[in-house]
Amino acid sequence: FEDGLAIQFPGRGGFPEGFDARDAVWYREAVSRTGTHYTRPKFGAQGKTVRIGLVGPLRSAGRTIGALLAETRLEHVVDELPIPDEPGFRRAFLVSRDGHEIASRELLEGATRAGGRAEAPVNLPRIRSAALLRTLATGAEGGFVIEGDSLYVYDRTTIEDWTYVAEFDRRRYLSLTH
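Residues numbered from 1 in each chain as written. Predicted model: local features only at pLDDT ≥ 70, side-chain atom pairs only at ≥ 80, totals over all residues. Heavy atoms only, no water.

The next subject is the pairing of strand E3 (residues 50–60). Direction of pairing for strand E1 (residues 37–38) relative to E3: antiparallel, over a ladder of two bridges. Across the sheet, His37 pairs through a bridge with Val55, a residue of E3. Remark: six residues form the turn of the hairpin made by strand E2 (residues 42–43) and E3, two consecutive strands paired antiparallel; Gly47 in that turn has positive phi of roughly 75 degrees. When E3 meets strand E4 (residues 63–73), the two strands line up antiparallel, connected through ten bridges. Opposite Leu54, over in E4, you have Ala70 as the bridge partner. (Pairing = 2+ DSSP bridges. Helix = DSSP H or I, 4+ residues; strand = E, 2+ residues; numbered from the N terminus.)

Next up, the structure:
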């Protein structure tokens, strides 16, 4: 809440000394916008886990009185990414319209291994494919992109302007000669 009161469920505690939720990026994002939205991945209160949250402002009589955060570990999101049982499959990931990976096995493993400051945002890598970046920036709903030896199949999700991408070995599906 705006007065500094914080309620956590389940009540596990363990916040670092001096922690104030009002200083957290998610809190400032929540109170500065209307409606709910998903956060980018961030480290948990101890800096050991990677989390993604749904945030929104709490309002009463037209004024902001606080913010709400419901979060889950990024590993749960990654575990739900569809993994095609197809030859040549390399990896799957969620990507933002600005070209940053939001969720992938590689992102999760790297961030978990490195750890971070409590509540700090995770450094999100930009995707490597310039052709895929250009296509996603147009707002395309779904399709495929070929670049180098990769075939990227993508489909826009219904949340947060994110896109699911599955990368395959192009040679398994298309001739390298034109």
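For the rest of this paragraph, the subject is the packing of aromatic side chains. Tallying each qualifying case throughout the model produces four aromatic pairs. Look at Trp26 and Tyr27: their rings are 5.7 Å apart centre to centre, the planes differ by 70 degrees, and that puts the pair in the edge-to-face class. In terms of burial, Trp26 and Tyr27 fall into one category: buried. Ring centres of Tyr38 and Trp162 lie 5.9 Å apart, and the angle between their planes is 50 degrees; on these two criteria the pair is classed as tilted. Residue Tyr38 is located in strand E1, and its partner Trp162 is located in strand E9 (residues 162–169); the two are separated by 124 residues in the primary sequence. Trp162 gets classed as buried once you look at its relative accessible area, which sits at 6%. Ring pairing ties together the aromatic residues Phe89, Phe168 and Tyr173, which thus form one cluster. (Phe/Tyr/Trp six-rings, centres within 6.5 Å; stacked < 30°, edge-to-face > 60°. Buried < 20%, exposed > 50% of the residue type's maximum accessible area, 1.4 Å probe, protein only.)

Once that is clear, we can look at the pairing of strand E8 (residues 150–156). Among the seven residues that make up E8, five are buried, leaving the element largely enclosed by the rest of the structure. Of the pairings in the sheet, the one linking strand E7 (residues 142–147) to E8 comprises six bridges and is antiparallel in character. Bridging across to E8, Glu147 finds its partner in Ser150. Between E7 and E8, which pair antiparallel and follow one another directly, the connecting turn spans two residues, one of which, Gly148, has a positive phi of 60 degrees. Alignment of E8 against E9, held across seven bridges, turns out to be antiparallel. Each residue of the ladder has a partner; that of Arg156, found in E9, is Thr163. Once E8 ends, the chain turns through five residues before running back antiparallel as E9, passing Glu160 with a positive phi of about 55 degrees.

So, on to a nonpolar patch on the surface. A grouping of Phe144, Ile146, Val153, Tyr173 and Leu174 is seen on the molecular surface, where their side chains present a nonpolar patch of about 420 Å² in accessible area. Topologically, Ile146 is positioned in strand E7. (Patch = residues over 30% accessible without salt bridge, like charges linked within 9 Å, V, L, I, M, F, W, Y side chains within 5 Å. Areas by Shrake-Rupley, 256 points an atom, 1.4 Å probe, with all protein chains shown as cover. Salt bridge = Lys/Arg side-chain N within 4 Å of Asp/Glu carboxyl O.)

A few words on the side chain of Ser96. Here Ser96 lies in strand E5 (residues 89–96). At a separation of 3.5 Å, a polar atom in the side chain of Ser96 contacts the side chain of Arg40. Those residues in contact with Ser96 that sit more than four places away from it in its chain are Arg40, Ile102, Asp161 and Trp162. (Polar contact = N/O pair within 3.5 Å; in protein donor to acceptor, adjacent residues only side chain to side chain. Contact = heavy atoms within 4.5 Å.)

Further remarks concern the sheet that holds E7. If you walk across this open sheet you meet the five strands as E6-E5-E9-E8-E7, and the pairing is antiparallel. Taken across any chain shown, the strands that pair with only one partner, and hence form the sheet edges, are strand E6 (101–104) and E7. Across the sheet, the axes of successive neighbouring strands diverge by a mean angle of 25 degrees, strand direction being ignored. The pairing of E5 with E9 spans seven bridges and is classified as antiparallel. Bridge assignment links Ser96 to a residue of E9, and that residue is Trp162. Sitting on the sheet, helix H3 (residues 105–114) is in contact with E5 and E6, with an inclination near 90 degrees to E6. (Axes fitted to C-alpha atoms, helices over the stretch in contact; angles between N-to-C directions.)

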